[in-house]
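# A structural walkthrough
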Amino acid sequence: MNTKTTKKPSFFSGLTGQILIAMVLGAILGIIIHNSISPEAAQGFSAKIKILATIFIRLVQMIISPLVFTTLVVGIAKLGDIKAVGRIGGKAMGWFFTASFVSLLLGMFFVNILEPGVGLNLSNVDLASVSEVTAKTQNISFENFIEHIVPKSIFEAMATNEILQIVIFSIFFGLAAAALGDYVKPVTNALDKTSHIVLKMVNYVMKFAPIGVFGAIAGVFAVRDFQELAITYFKFFGSFLVGISSLWLVLIVVGYIFLKSRMTVLLKRIVSPLIIAFGTTSSEAVFPKLTEELERFGVKDRIVSFMLPLGYSFNLDGSMMYMTFASIFIAQAYGIDLDLGTQMTMLLVLMLTSKGIAGVPRASLVVVAATCGMFDIPIEGIALILPIDHFCDMFRSATNVLGNALATSVVGQWEGDDENEAVISE
């Protein structure tokens, strides 16, 4: 009798392996280009090769709005009433604000302990590159944040991928659908089927991920002298890595406390989204893939569709840690002494002003610049961290993905426990 053995696919034939290969090849090509042609030609090459990353990110952005709307409306309609939405929303916001506070606190702790900005040479700072960031700081205020939450038009919100605004509209739409009950079942069934079509599109789009990562990495290394950056920013980047590693440790330990051994399964599930976010410096780029992986992990679709869009606006743990770290680093570089009370006030300001800005390009830098302005720290100090920001952003983006995956999984488990208790009590 002949027995056929199915050959197990190798690691490098899967998406994760292909992305890792693309990162290495992109870095090699970028370094070769940087060392072999003029800086002007390297800039031109970088602009062209980054188009690959832009195409991938735009493909992902193309499906985010319909995915958020359809899954969230169907999820809320399945929840059935406003009490369930309020209960899950309360748990979500409690987790988000606690995680944000811990992340900000860790950034503040390590920048004070390691003091990477003390004694920094400010003579070679490129101030010309600051204008792009500082031009956006005028939009960062509590009033603008409140106005930004509510969409003027759902079509405008979808066109600009304003996730928080889409979430607000979808919550109202979903609650109305739930209130009308069986009468609107054809509509919710149609949206449910649409969400499955969009998730199928995710599989097609993700095949472009290695190409996008290759373009992003090659473009950066073509214009940055990595050796020079490593020497100049060794203390800053090293201190940042200590802080972000500590945040990862905290998140993983908290994950094992709440999820027990399932945390290991979760980490295996989100390896691919983590690497995509790391390579493209965009946590938004993995939103559809993360949705898919969390549902495979066992979190109910109605929880995933509710938690993830909220998390992308309110739960950016890596960005939070970086904001206090970078703000106080700039103050140190300019010899400005901030007492503990001022730093805690800065932390609370960052907690509020950073919410809902996930769609803003270089959002962390924009918020840091605005915060510096509020505390009389020279805004042009942003130029100190611009050269190394891309590499910091790689770690920030991956950390944001980990934080949102953990928050969604834990709240999903809490909701499962609540439902089991309700069934037992009946």
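As the structure is a prediction and not an experimental result, all values here were calculated from the model. Each residue is numbered by its place in its chain's sequence as written, counting from 1. Local features in a predicted model are, by the rule used here, given only for residues with pLDDT of at least 70; side-chain atom pairs are given and counted only at 80 or more, and totals for whole chains, interfaces and linings are based on all residues. As a rule here, side-chain values cover all heavy atoms of the structure and leave hydrogens and water aside.

## Thoughts on the environment of Val-253
Secondary structure counts use DSSP, requiring at least four H or I residues in a row for a helix and at least two E residues in a row for a strand, with both numbered from the N terminus. If you trace the backbone, Val-253 turns up in helix α11 (residues 234–259). For Val-253 and Met-263, which are ten residues apart along the polypeptide, the C-alpha to C-alpha distance reads 9.2 Å.

## Describing a nonpolar patch on the surface
On the surface, a nonpolar cluster with roughly 430 Å² of combined accessible area is contributed by Ile-21, Val-24, Leu-25, Ile-28 and Ile-32. Among the structural elements, Ile-28 can be located in helix α1 (residues 15–36). The residues that make up patches have over 30% relative accessible area and no salt bridge, and they are joined within 9 Å when like-charged or within 5 Å when they are Val, Leu, Ile, Met, Phe, Trp or Tyr. Computed by Shrake-Rupley with a 1.4 Å probe, the accessible areas treat only the displayed protein chains as cover when residues are assessed. Only one rule defines a salt bridge in this text: a Lys or Arg side-chain nitrogen within 4 Å of an Asp or Glu carboxyl oxygen.

## Comments concerning the packing of aromatic side chains
Here a ring pair, both rings aromatic, is described through the centre-centre distance and the interplanar angle of the planes. Only Phe, Tyr and Trp rings are paired, with Trp represented by its six-membered ring, and only when their centres lie within 6.5 Å; those with planes under 30 degrees apart are stacked, over 60 edge-to-face, the remainder tilted. Following the criterion strictly, the structure yields 16 aromatic pairs and no others. Taken together, the ring pairs in this structure connect Phe-236, Phe-237, Phe-240, Phe-278, Tyr-322, Phe-325, Phe-329 and Phe-395 into an aromatic cluster. Residue placement shows Arg-396 over the ring face of Tyr-322; its charged tip is 4.1 Å from the ring centre. Cation placement over rings: the criterion is NZ of Lys or CZ of Arg within 6 Å of the ring centroid and within 35° of the ring normal.

## Brief notes about the UniProt feature "transmembrane region" (unreviewed entry) in the protein chain
On the UniProt side, "transmembrane region" (unreviewed entry) is annotated at positions that read residues 12–35, 55–80, 92–114, 163–184, 204–224, 236–259 and 365–386 here. Secondary structure over residues 365–386 splits into 68% helix and 0% strand, and the C-alpha atoms at its two ends are 9 Å apart. UniProt positions are given in the numbering used here, feature names are shortened, and annotations may be inferred rather than shown by experiment.

## Thoughts on the packing of helix α2 (residues 39–79) against helix α15 (residues 301–314)
What describes two packed helices is the angle between their axes and the distance between those same axes. To get an axis, a line is fitted to the C-alpha atoms, and for a helix only the part in contact is used. The angle between two axes follows their N-to-C directions and goes from 0 to 180 degrees. Contact pair α2 / α15: the axes reach a minimum separation of 8 Å and the direction vectors enclose 125°. With respect to α15, the element α2 is oriented oblique. Crossing of α2 against α15: the hand is left-handed. Where α2 approaches α15, its residues Val-68, Thr-71, Leu-72, Gly-75, Ile-76, Lys-78 and Leu-79 are matched on the opposing element by Asp-301, Arg-302, Ser-305, Phe-306 and Pro-309. Nonpolar residues are Ala, Val, Leu, Ile, Met, Phe, Trp, Tyr, Cys and Pro. Charged residues are Asp, Glu, Lys and Arg, and all others, Gly as well, are polar. Looking at the contact of α2 with α15 residue by residue, the class counts come to six nonpolar, three polar and three charged. For classification purposes, angles smaller than 35 degrees are called roughly parallel, those larger than 145 roughly antiparallel, those between 65 and 115 roughly perpendicular, and all remaining angles oblique. Take the far helix as your reference; a near helix turned counterclockwise from it by less than a right angle gives a left-handed crossing, and one turned clockwise gives a right-handed crossing. Contacts are assigned to residue pairs with any non-hydrogen atoms lying within 4.5 Å of each other.

## Structural notes on the confidence of the model for the protein chain
Values of pLDDT, the confidence the predictor places in each residue, fall between 0 and 100. Per-chain confidence: the protein chain averages 82 in pLDDT, with 85% of residues scoring 70 or above. This stretch, residues 420–426, has a pLDDT under 50; its non-local contacts, to residues over four places away or in other chains, come to zero contacts.

## Overview of unusual backbone geometry
Backbone geometry at Lys-260 places phi at a positive 55°, although glycine is not the residue there. Mapped onto the secondary structure, Lys-260 falls in the loop between α11 and α12 (262–269). If you check the backbone angles, Asp-376 has positive phi at about 60° while not being a glycine. Residue position: Asp-376 is located in the loop between α18 (363–374) and α19 (382–425). Judged by its relative accessible area of 68%, Asp-376 falls in the exposed class. Each residue's exposure class comes from its accessible area (1.4 Å probe, protein chains only) as a fraction of the maximum for that residue type: buried when under 20%, exposed when over 50%, partly exposed otherwise.

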